[in-house]
Every structure is written in C-alpha cells, then in structure tokens.
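Residue strings, one per chain:
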Amino acid sequence: MIAADENAVTLIDWQQTDLYRFFALVFAPPTHECFNVLSQPEVPMALCDLWGRLNCEGEFPGFEWFASYELYESAYIALFDVGVPEPPVPLFESAHDKSHPAQEIALENTYFYEVIGLKSDPRRAVPDYLVTQLEFLAALRYACENTSDEAAAISLARAETEFLERHLLNWVSTAKAKLDRTGAPGFPVVMTLLAQFLGQRHESRACTA
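Residues numbered from 1 in each chain as written. Predicted model: local features only at pLDDT ≥ 70, side-chain atom pairs only at ≥ 80, totals over all residues. Heavy atoms only, no water.

1. A short note on the packing of aromatic side chains
1) Next: In this structure the tally under the stated criterion is 24 aromatic pairs.
2) Next: Both rings, one in Tyr-113 and one in Phe-163, keep their centres 6.1 Å apart while their planes meet at 50°; by these two values the pair is tilted. Of the two residues, Tyr-113 sits in helix α5 (residues 102–113) while Phe-163 sits in helix α7 (residues 150–166), which places them 50 residues apart along the sequence.
3) Next: Owing to a relative accessible area of 2%, Tyr-113 belongs among the buried residues under this scheme.
4) Next: You can call Phe-163 buried: its relative accessible area is 0%.
5) Next: The interplanar angle of 70° and the centroid separation of 4.8 Å between the aromatic rings of Phe-136 and Phe-163 together place this pair among those described as edge-to-face. Placement of Phe-136 in helix α6 (residues 130–145) and of Phe-163 in helix α7 is noted, with a sequence separation of 27 residues between them.
6) Next: Classification of Phe-136 as buried rests on a relative accessible area of 2%.
7) Next: Here a set of aromatic residues connected by ring pairs shows up, and it is made of Phe-27, Phe-35, Phe-63, Trp-65, Phe-66, Tyr-69, Tyr-72, Tyr-76, Phe-80 and Phe-187. (Phe/Tyr/Trp six-rings, centres within 6.5 Å; stacked < 30°, edge-to-face > 60°. Helix = DSSP H or I, 4+ residues; strand = E, 2+ residues; numbered from the N terminus. Buried < 20%, exposed > 50% of the residue type's maximum accessible area, 1.4 Å probe, protein only.)

Shown next, in the form of structure tokens:
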C-alpha cells in the first residue's frame with residue numbers, strides 16, 4: 001500500500017489496494033505497522049482522495065491520527081475492547097444485530113467461511129468479528145478474480161454479495177453511528193469510508209450477479 005522503503009513514501013494507490021485488507025489492517029488490534037502507515041503525512045490527502053472515489057456525502061472532514069503509538073493503542077482499547085457492560089463500539093456483528101441470537105450469527109458466518117475452506121481461529125476472535133469478516137471477503141474476492149472456472153467465479157461473486165447483505169451491511173452502519181458519537185480521532189473517518197465502500201461493493205456485485 002505504501003512504498004516499502006521507509007524513506008520513500010508515496011500516496012496509497014487505491015486502484016491496486018484491496019480495500020477489504022486495508023480496513024482489516026486499520027480495525028485489527030493495534031500494531032506498529034498500522035500506526036506507521038496511518039502516521040505518514042500523505043495519508044490525510046490519500047484518504048481525502050478515497051473519500052471522493054467512494055462518493056461519500058459532504059466534504060472530507062479531515063483526518064487526524066495519534067501522536068504516539070501509546071495514544072493509538074490506548075484509544076483503540078477504550079473504544080473497541082473495554083467497557084461496561086460492553087465497549088463503546090464492539091467490533092463484532094452480534095453486539096449490534098439483536099434480531100438474531102449471537103450463536104446463530106456466529107454459526108452463519110462460519111458456514112460462509114467454509115465456502116472457500118476457511119475457518120476462524122476461536123483463540124483470536126469470534127466468527128462475527130469485523131476483521132475476520134473483512135479478511136474472508138478479501139480471500140473470497142481473490143478467489144473469484146483468480147479462477148478460470150466461470151461457474152465458480154459466478155458462485156463466489158454471489159457469495160460475496162450475500163455475505164455483505166446478510167452480515168456487514170446489517171451492522172457496520174450502526175457501529176459507525178456509535179463511533180461518530182465518541183468524537184475519537186482517526187477511526188470515525190475510516191469507519192465512514194468502510195461503510196461507504198461496503199455499500200458500493202455490494203451494489204456493484206449485485207448488478208453483475
């Protein structure tokens with residue numbers, strides 16, 4: 001996404017970037033890789049460019065990242081990991097979708113993952129965890145774009161459309177609204193971009209299904 005040479009920073013090439021993986025990086029538990037990527041001085045301009053590409057409503061609100069890794073880490077924990085009775089913005093579907101039992105949501109996610117032989121690691125996260133869902137969609141997209149079997153490509157594209165509709169589009173906008181109310185730096189802007197991307201991706205896949 002960013003030039004490997006740390007002394008030669010470039011803007012993110014959105015055409016060559018898998019946005020599923022980009023958003024999975026941002027919302028995964030804190031890493032120095034994520035902190036370093038989003039600390040680059042060119043990133044606000046790059047995200048402004050993505051805001052326009054995704055046709056987000058209104059003007060780009062700007063992007064402010066954390067001054068230190070410690071501030072980023074503590075903010076992440078306070079927003080997504082810790083709280084009573086739950087964090088301000090839990091990053092898993094069943095915390096926001098109360099129309100189905102949590103076990104049912106987790107099980108249906110698992111069924112989708114098995115389409116391409118993937119399994120979530122329960123030691124790391126529950127099946128309906130945002131990052132797990134995004135990584136699955138990235139793998140699904142890759143498989144679809146790299147198969148020579150037309151029937152398989154159609155089936156994989158349909159699976160992507162259905163997974164977006166039944167899962168991420170069912171809860172990410174609710175998480176976004178909660179995150180907006182926190183007034184936290186950085187994360188709300190990226191969550192807005194994620195919600196817009198998911199909607200557009202679903203629309204484009206549905207049109208070609």
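There's plenty left to go through after this.
2. Here's the deal with the pattern of salt bridges
1) Next: Counting across every chain of the model gives six salt bridges.
2) Next: Here Asp-18 ties to Arg-141 by a salt bridge, and the two come within 3.8 Å at their closest N and O atoms. With a gap of 123 residues between them, Asp-18 in the segment before α1 (19–27) and Arg-141 in helix α6 connect regions that are remote in the sequence. (Salt bridge = Lys/Arg side-chain N within 4 Å of Asp/Glu carboxyl O.)

3. Some thoughts on α1
Three- or four-residue spacings in an α-helix give side chains the same orientation, since the helix completes a turn every 3.6 residues.
1) Next: Of all nine residues in α1, eight are buried, a share of seventy percent or more.
2) Next: Along α1, the residues classified as buried are Leu-19, Tyr-20, Phe-22, Phe-23, Ala-24, Leu-25, Val-26 and Phe-27.
3) Next: Capping of α1 at its N-terminal end is provided by Asp-18; its side-chain oxygen lies 2.9 Å from the backbone amide nitrogen of Tyr-20. (Polar contact = N/O pair within 3.5 Å; in protein donor to acceptor, adjacent residues only side chain to side chain.)

4. Examining the nonpolar core
Inside soluble globular proteins, nonpolar side chains tend to come together where they are buried.
1) Next: Phe-23, Phe-27 and Phe-187 are the most contacted members of the largest nonpolar core, which totals 66 residues.
2) Next: In this view, Phe-187 contacts Val-26, Phe-27, Trp-65, Phe-66, Tyr-72, Tyr-76, Leu-79, Phe-80 and Leu-179; residues no more than four positions away in its chain are not counted. (Core = buried A, V, L, I, M, F, W, Y, C linked by side-chain atoms within 4.5 Å. Contact = heavy atoms within 4.5 Å.)

5. Quick look at unusual backbone geometry
Excluding glycine, most residues fall at negative phi; most peptide bonds, likewise, are trans.
1) Next: If you check the backbone angles, Asn-55 has positive phi at about 55° while not being a glycine.
2) Next: Relative to the helices and strands, Asn-55 is located in the loop between α3 (43–53) and α4 (69–81).
3) Next: Taking the relative accessible area as the measure of exposure, Asn-55 reaches 57% and is therefore exposed.

6. Considerations on the environment of Ile-116
1) Next: The residue Ile-116 is located in the loop between α5 and α6 in this model.
2) Next: If we ignore the near neighbours within four places in the chain, the residues touching Ile-116 are Phe-136, Ala-139, Leu-140 and Leu-156.

7. Quick word on the environment of Val-131
1) Next: Within the fold, Val-131 resides in helix α6.
2) Next: When its relative accessible area of 5% is taken as the criterion, Val-131 is described as buried.
3) Next: Separated by 47 residues in the primary sequence, Val-131 and Val-84 have C-alpha atoms spaced 22 Å apart.
4) Next: Once residues within four sequence positions are removed from consideration, Val-131 is found in contact with Ala-24, Phe-27 and Ala-28.

8. Focus: the packing of α1 against α6
1) Next: In contact at an axis separation of 8 Å, α1 and α6 are set at 160° when each is read in the N-to-C sense. As far as their axial angle goes, α6 and α1 are roughly antiparallel. The hand of the α1/α6 crossing is left-handed. Across the interface between the two elements, Leu-19, Tyr-20, Arg-21, Phe-23, Ala-24 and Phe-27 of α1 pack against Leu-130, Val-131, Leu-134, Glu-135, Leu-137, Ala-138, Ala-139 and Arg-141 of α6.
2) Next: Grouping the amino acids of the contact of α1 with α6 by side-chain chemistry returns eleven nonpolar, no polar and three charged. (Axes fitted to C-alpha atoms, helices over the stretch in contact; angles between N-to-C directions. Parallel < 35°, antiparallel > 145°, perpendicular 65-115°, else oblique. Left-handed = near helix turned anticlockwise from the far one by under 90°. Nonpolar A, V, L, I, M, F, W, Y, C, P; charged D, E, K, R; others polar.)

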